[in-house]
Amino acid sequence: MKPARTLLSLFFWSAGLSLCYGQGTMFWPVRGTREMVGAANNFEVEAGFRLLTQGGNAVDAGVATVLAASVTEQARFGIGGEMPLLIKMAGKPPAAISGVGTAPEKATVEYYRNRQPEPWEGGRDMPPIPGQGIRAAILPGVFDGLILALRKYGTKSFADVVAPAIEYADGFPAGEEFVSFISRNQRILNLWPVSAGFFMPGGKAPARGEIFRMPVLAKTLRELAAAEKKARGNRDRRLQAVRDLFYKGDLARRIAAFSEANGGLISRKDLANYSAEIDQPVCGTYRGYQVCKSGFWTQGPVMVQALNILEGYDLKTMGHNTPEYLHTMVEAVKLAFADRDRYYGDPKFSRIPSEILLSKEYAAQRRMQIDPSRASMDHRPGSFAPPLPLPSVTSAALPAQDTTCVNVVDRLGNVFSATPSGAWLPSVIAGDTGIPLSTRLQSFVLTAGHANQLAPGKRPRVTLSPTLVLKDNQPYMALSTPGGDNQDQALLQVLLNIIEFNMSPQEAAEAPRFQTEHFYSSFANHEFAPGKLSLEGRMPKSTADALAAKGHRVQVTGDWSNSSAPTVIRIANGVLDGGADPRRGRFIFGR
């Protein structure tokens, strides 16, 4: 055998031994004792860690990470998007921040019932609200959410936290996903000349690894930093000047002027009246752990409902990913999502039966609806309110191609968990601001009397769902993920992998997952796929066959095909233990 071939054989042999006897996961676990940042790429993690090394806390680092994501991860998220955020400061109760924009004043049910097809739409399959384009835009919410977090819980200036994002906007090597999203959306981007010029300078998509520059967005970020420097007064007033430039000043004028000139609904009045807010998280208990989610303006409480149902089963005895375990999990998730479809919406506009939905007594009733031998094909929300008509579409939902996630723990024990989303490609860039607009209006329904019915000034019920877990009132875990409607069922599986089956965060993130689509999609046509259950190919064929025998409409997909990809940080015994899902680009670093 030739020497080079011998060395190559030894390399693969030793790599195989590492997988079999040393590592056991695709990615090595990341552990530390002081601080940790989990996000989607190296630029984002570097931004957060830069702030930590400069003496900032978890909120400073989290805000810097999200701002860096708004530059380097525009395939999934832009600064005109939205973000629920959970924060746990040491010695304080957890808080939720709603950085989710609202529907413009002109966005009414009547407007969308009488709308004309968009250039990319066919008349027959036209969704109630466009799935993309300027007429799908809610108000930008994430920026005010970030400034609110920084003002209330951070320590650094806006100039400090935005510095990495400005550097990356001046030029960063374009990643594969960013390049791919631009390339495959060129036809749509060309409908909006400003967007085409922003993403395809010179008329073509960038190549992977090519230095990509966003000079217009860099200019806007510098304008925001300059507003802070020019403002008089204390830190709070200087940060107020930054958000006022975005929502009341010249930036707001330019965003509104572009929207109104191009058929959009956002006005300067809408922007001036918007503000992010601090909210109470929704928290439940599971076997001694406290699980906190954002409120009913997100789908987050689904996890609390599902955990309440599952607490009545001995999941550990069932065995991880056995047919019995998976059937029980799927049926519990389907019941929780049915309640989401029927009852969740912005609590400012709708009375949400939250006490019932979150109660252990209600969970016990729902548990009795699970047939251990048969999968339900029905949509079964709780029957304590009159039924409402829902879309009759039964086609499969499109794969989620949105959202990112950021989790940070600092040396003081402060925790930041966020799910930034919206303004993803193919986005409409708001004129000369470089700010991409969201398309989250599509998550509303037009059904009269529904908690999530479209109304001006209302937040759409978003799928975005960060998670904080406490043990004895101390932070135990932060986890979040992209993945649209799939977020909470993926996070649920990861959480139970750790709590019930003693997996490390990395093992838990990598373990094979299921994905049911037995709910009404939160996007565009709000599709319903009764009984559809996707299993990753690493699950045994005998498991898929057993679930099919119970009536599940099983589809075996790729080995790593689940549409979610979380990062996880567990805090226990003085050690930060991190996990990053290899299904998409996830990065985590700690020390």
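What comes next concerns the included structure. Nothing here was measured: the structure is a model prediction, and the numbers come from that model. (Residues numbered from 1 in each chain as written. Predicted model: local features only at pLDDT ≥ 70, side-chain atom pairs only at ≥ 80, totals over all residues. Heavy atoms only, no water.)

### A closer look at the overall build of the protein
Here's step 1: When helices and strands are tallied, the protein shows 21 helices and 19 strands.
Here's step 2: Here the C-alpha atoms of the protein give a radius of gyration of 23 Å, agreeing with the 25 Å that 2.2 N^0.38 yields for 591 residues.
Here's step 3: C-alpha atoms of the protein, sized along the principal axes, occupy 70 × 60 × 55 Å.
Here's step 4: Within the protein, contacts between residues separated by at least 24 positions form 72% of all contacts whose residues are at least 6 apart in sequence.
Here's step 5: Split by element, the accessible area of the protein, about 22,000 Å² in all, is 54% carbon and sulfur.
Here's step 6: If you average the places of the 65 positive and of the 54 negative side-chain charges in the protein, the two averages end up 2 Å apart. (Helix = DSSP H or I, 4+ residues; strand = E, 2+ residues; numbered from the N terminus. Rg over C-alpha atoms; globule rule 2.2 N^0.38 Å. Contact = heavy atoms within 4.5 Å. Areas by Shrake-Rupley, 256 points an atom, 1.4 Å probe, with all protein chains shown as cover. Lys, Arg positive; Asp, Glu negative; His and termini not counted. Charge placed at Lys NZ, Arg CZ, Asp CG, Glu CD.)

### As for the nonpolar core
Here's step 1: Counting residues in hydrophobic clusters, the biggest one holds 92 residues, and the most contacted among them are Phe158 and Phe416.
Here's step 2: Ranked by size, the runner-up nonpolar core spans 55 residues in total, among them Leu315, Met318, Tyr362 and Ile499. (Core = buried A, V, L, I, M, F, W, Y, C linked by side-chain atoms within 4.5 Å. Buried < 20%, exposed > 50% of the residue type's maximum accessible area, 1.4 Å probe, protein only.)

### Topic: the packing of aromatic side chains
Here's step 1: By the definition in use, this model includes 21 aromatic pairs.
Here's step 2: Summarising the aromatic geometry, the rings of tyrosine 343 and phenylalanine 384 are spaced 4.7 Å apart at their centres and angled 15° between planes, so their arrangement reads as stacked. Here the residue tyrosine 343 occupies a position in helix α16 (residues 323-343), and phenylalanine 384 occupies one in the loop between α18 (360-367) and β10 (406-409), the gap between them amounting to 41 residues.
Here's step 3: A relative accessible area of 3% means that tyrosine 343 is categorised as buried.
Here's step 4: In this structure phenylalanine 384 comes out as partly exposed when scored by relative accessible area, which is 32%.
Here's step 5: Feature note: the residues Phe43, Tyr168, Phe172, Phe178, Phe198, Phe199 and Phe212 constitute an aromatic cluster, connected by ring pairs.
Here's step 6: In this structure, arginine 184 packs its charged tip against the face of phenylalanine 181, placed 4.2 Å from the ring centre. (Phe/Tyr/Trp six-rings, centres within 6.5 Å; stacked < 30°, edge-to-face > 60°. Lys NZ or Arg CZ within 6 Å of the ring centre and 35° of its normal.)

### Brief notes about the sheet that holds strand β4 (residues 95-99)
Here's step 1: Spatially, the seven strands line up as an open sheet ordered β7-β4-β3-β11-β10-β2-β19, and their pairing is antiparallel. Since the sheet does not close on itself, it has two edges, and those belong to β7 (277-279) and β19 (587-590), each with one partner. Looking at each pair of strands side by side, their axes are set apart by 15° on average, direction ignored.
Here's step 2: Across three bridges, the pairing between β4 and β7 is antiparallel. Within the sheet, the bridge partner assigned to serine 98 lies in β7 and is glutamate 277.
Here's step 3: Against the sheet, helix α5 (residues 142-153) contacts β3 (83-88), β4 and β7, and its axis sits at roughly 145° relative to β4. (Pairing = 2+ DSSP bridges. Axes fitted to C-alpha atoms, helices over the stretch in contact; angles between N-to-C directions.)

### Side note on the packing of helix α14 (residues 301-310) against α18
Here's step 1: The interhelical angle for the contact between α14 and α18, taken along N-to-C directions, is 65°, at an axis separation of 8 Å. With respect to their mutual orientation, α14 and α18 come out roughly perpendicular. Relative to α18, α14 is oriented so that their crossing is right-handed. The residues of α18 that touch α14, namely those facing Gln305, Asn308 and Ile309, are Lys360, Tyr362, Ala363, Arg366 and Arg367. (Parallel < 35°, antiparallel > 145°, perpendicular 65-115°, else oblique. Left-handed = near helix turned anticlockwise from the far one by under 90°.)

### Quick word on unusual backbone geometry
A negative phi angle is the norm for most residues apart from glycine, just as the trans form is the norm for most peptide bonds.
Here's step 1: Of note, the amide linkage connecting leucine 425 to proline 426 takes the cis form, showing an omega dihedral of 0°.
Here's step 2: Relative to the helices and strands, proline 426 resides in the loop between β11 (415-418) and β12 (467-471).
Here's step 3: Phi at arginine 287 is positive, roughly 50°, even though this residue is not glycine.
Here's step 4: Structurally, arginine 287 can be placed in the loop between β8 (282-286) and β9 (289-293).
Here's step 5: For arginine 287, a relative accessible area of 35% puts it in the partly exposed group.
Here's step 6: Backbone geometry places asparagine 573, a non-glycine residue, at a positive phi of 55°.
Here's step 7: By the secondary structure assignment, asparagine 573 is in the loop between β17 (567-572) and β18 (575-580).

### Quick notes on the sheet that holds β17
Here's step 1: If you walk across this open sheet you meet the seven strands as β1-β18-β17-β13-β12-β9-β8, and the pairing is antiparallel. On the outer flanks of this sheet lie β1 (30-32) and β8, each paired with one strand and no other. In this sheet, adjacent strand axes meet at a mean angle of 20° when their direction is disregarded.
Here's step 2: As defined by bridge partners, β1 adjoins β18 across three bridges and the pair is classed as antiparallel. Note on β18: the bridge partner recorded for glycine 32 is leucine 576.

Without other data, these values stay purely geometric and don't point to any function.
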